[in-house]
Amino acid sequence: MEDAITFGMGFATNALNLPSIVSKGCLVVSDEKNHASLILGLRLSGATIDVFKHNNMESLRQVLHSAVIKGQPRSHRPWKKILIVVEGVYSMEGSIVRLPEILELKRQYKAYLYVDEAHSIGAIGRNGRGVVDYFGVDPKEVDILMGTYTKSFGSAGGYIAGSKAFIDHMRVNSHANCYATSMSSSCAQQIISSMKIIMGMDGTNEGKKRINQLARNSRYFRRRLNQMGIITIGNNDSPVVPMMVYMHSKIASVVRRLKTNNIAVVGVGFPATPLMEGRIRFCLSAAHTKEQLDNALVHVEEAADFLGLRYSRKRRSKEPVHYSDSESEVE
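Please read all numbers here as calculations on a predicted model, not as lab measurements.

Peer 1: Describe the nonpolar core, with residues and values.
Peer 2: In this structure, Leu60, Val86, Leu99, Leu113, Leu225, Met243 and Phe282 are the most contacted members of the largest nonpolar core, which totals 66 residues. Ignoring any residue separated from it by four or fewer positions in sequence, one finds Phe282 in contact with Phe221, Leu225, Pro239, Val240, Val241, Met243, Val265 and Val300. Residues Cys26, Tyr114, Ile144 and Ala176 belong to the second largest nonpolar core, which totals 20 residues.

So this is what it looks like as structure tokens:
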């Protein structure tokens, strides 16, 4: 992108910057599964919010079509701007945004696009550059790219990238920039060092190896869970792996049972998810070895038997899932 601006807190990067981007008289078309920081920022902005079904392009098209035809409520004047807000990898769903199709609708209805890459930057794509890299899209086709430094970079803070004129506007109008302290030097250096490794600027191929390792771990872990008859949702290439337990009472039981075996997982239930769609979220890392994953899977299978988590009715393959070290599998 032409320019970028950084902030000291990832949550605030969304919550305090969106009011500087949209305001009253603007329409925001938001995915129903967007993160709480996006929802808070949009509510603070005063813009009108319309929600479309998760990753459903027909639902998005209908919302955009209606917005263009009807305009603003009462006056029916055209919207000042229409902004589509989505995530690269959805934190509770493990799904990857259908970026090429959204870009097509964006161009068709002359809207703007804001992509939150908190869970995708540094994690997916051949070069670890997020969803634009994953789909082979020119980053400049996306109007605003946002991300955090708390996931792949192991630090704190966030960034927003876009055109120079837009970033100049943010430097003057952003509450997260004007009324906050700067990022600490140690956090900044951690981010710079991580970026150099991911981009191969450290003189090694360590970044490429880790990107491939993460993709391999994600696919292997999902396939093994599915083979057990456990339901997982999301994309096979996503490092976020939600395991469905459905019943609210089972969430804490799974978390406690795995914790006794030194396996830390995140239990997610209402109101973060629908009442009967409780889940356990696994966040995989390039640092996980096959032995660690196999150990975790053994205890997950024990918990599945004890608590009755084998909900899948799909035919289970008896073929062993191979953890391949070949580059071709992840490419």
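Peer 1: Can you explain the pattern of salt bridges? Please cite residues and give values.
Peer 2: Within the structure shown, the criterion is met by 17 salt bridges. One salt bridge in this structure joins Arg61 and Glu58, with 3.0 Å as the shortest N-O distance. Highlighted residues: Arg61 and Glu58, both in helix H3 (residues 57–70), separated by three residues, approximately one helical turn. Each of Asp3, Lys164, Asp168 and Arg171 takes part in a single network of salt bridges with overlapping partners.

Peer 1: Can you break down the sheet that holds strand S9 (residues 266–268) residue by residue, with the values?
Peer 2: What links the strands of a sheet is backbone hydrogen bonding, and the strands pair in either a parallel or an antiparallel sense. Read across the open sheet, the three strands follow the order S8-S10-S9; overall the sheet is antiparallel. Each edge of the open sheet carries a strand with a single partner, namely strand S8 (240–246) and S9. Here the average twist between neighbouring strands, direction ignored, is 25 degrees. Across three bridges, the pairing between S9 and strand S10 (residues 278–283) is antiparallel. Pairing of Gly267 across the sheet is with Ile280, part of S10. Sheet contacts for helix H9 (residues 206–227): S8 and S10; angle to S8, the most-contacted strand, approximately 20 degrees.

Peer 1: Give me the packing of aromatic side chains: which residues, what numbers.
Peer 2: Each aromatic ring pair is specified by the distance between its two centres and by the angle formed by the two planes. Tallied over the entire structure, the rule returns six aromatic pairs. With a centroid separation of 5.5 Å and an interplanar angle of 75 degrees, the aromatic rings of Tyr149 and Phe153 are classed as edge-to-face. In this structure Phe153 comes out as buried when scored by relative accessible area, which is 4%. Here Arg257 stacks its cationic end above the ring of Phe306, 4.2 Å away from the centre of that ring.

Peer 1: Give a description of the sheet that holds strand S2 (residues 27–31) that names residues and reports values.
Peer 2: The strand order across the open sheet built from seven strands is S1-S7-S6-S5-S4-S2-S3, with neighbouring strands paired in mixed fashion. At either margin of the open sheet sits one strand with a lone partner, and together these are strand S1 (3–7) and strand S3 (48–52). Going from strand to strand, the sheet's axes swing by 20 degrees on average, the running direction of each strand aside. Relative to the sheet, helix H4 (residues 99–109) contacts strand S4 (82–87) and strand S5 (112–116), its axis offset from that of S5 by approximately 155 degrees.

Reading the values: rules and limits
Residues numbered from 1 in each chain as written. Predicted model: local features only at pLDDT ≥ 70, side-chain atom pairs only at ≥ 80, totals over all residues. Heavy atoms only, no water. Core = buried A, V, L, I, M, F, W, Y, C linked by side-chain atoms within 4.5 Å. Buried < 20%, exposed > 50% of the residue type's maximum accessible area, 1.4 Å probe, protein only. Contact = heavy atoms within 4.5 Å. Salt bridge = Lys/Arg side-chain N within 4 Å of Asp/Glu carboxyl O. Helix = DSSP H or I, 4+ residues; strand = E, 2+ residues; numbered from the N terminus. Pairing = 2+ DSSP bridges. Axes fitted to C-alpha atoms, helices over the stretch in contact; angles between N-to-C directions. Phe/Tyr/Trp six-rings, centres within 6.5 Å; stacked < 30°, edge-to-face > 60°. Lys NZ or Arg CZ within 6 Å of the ring centre and 35° of its normal.

Functional significance is not addressed by these values, which are geometric in nature.
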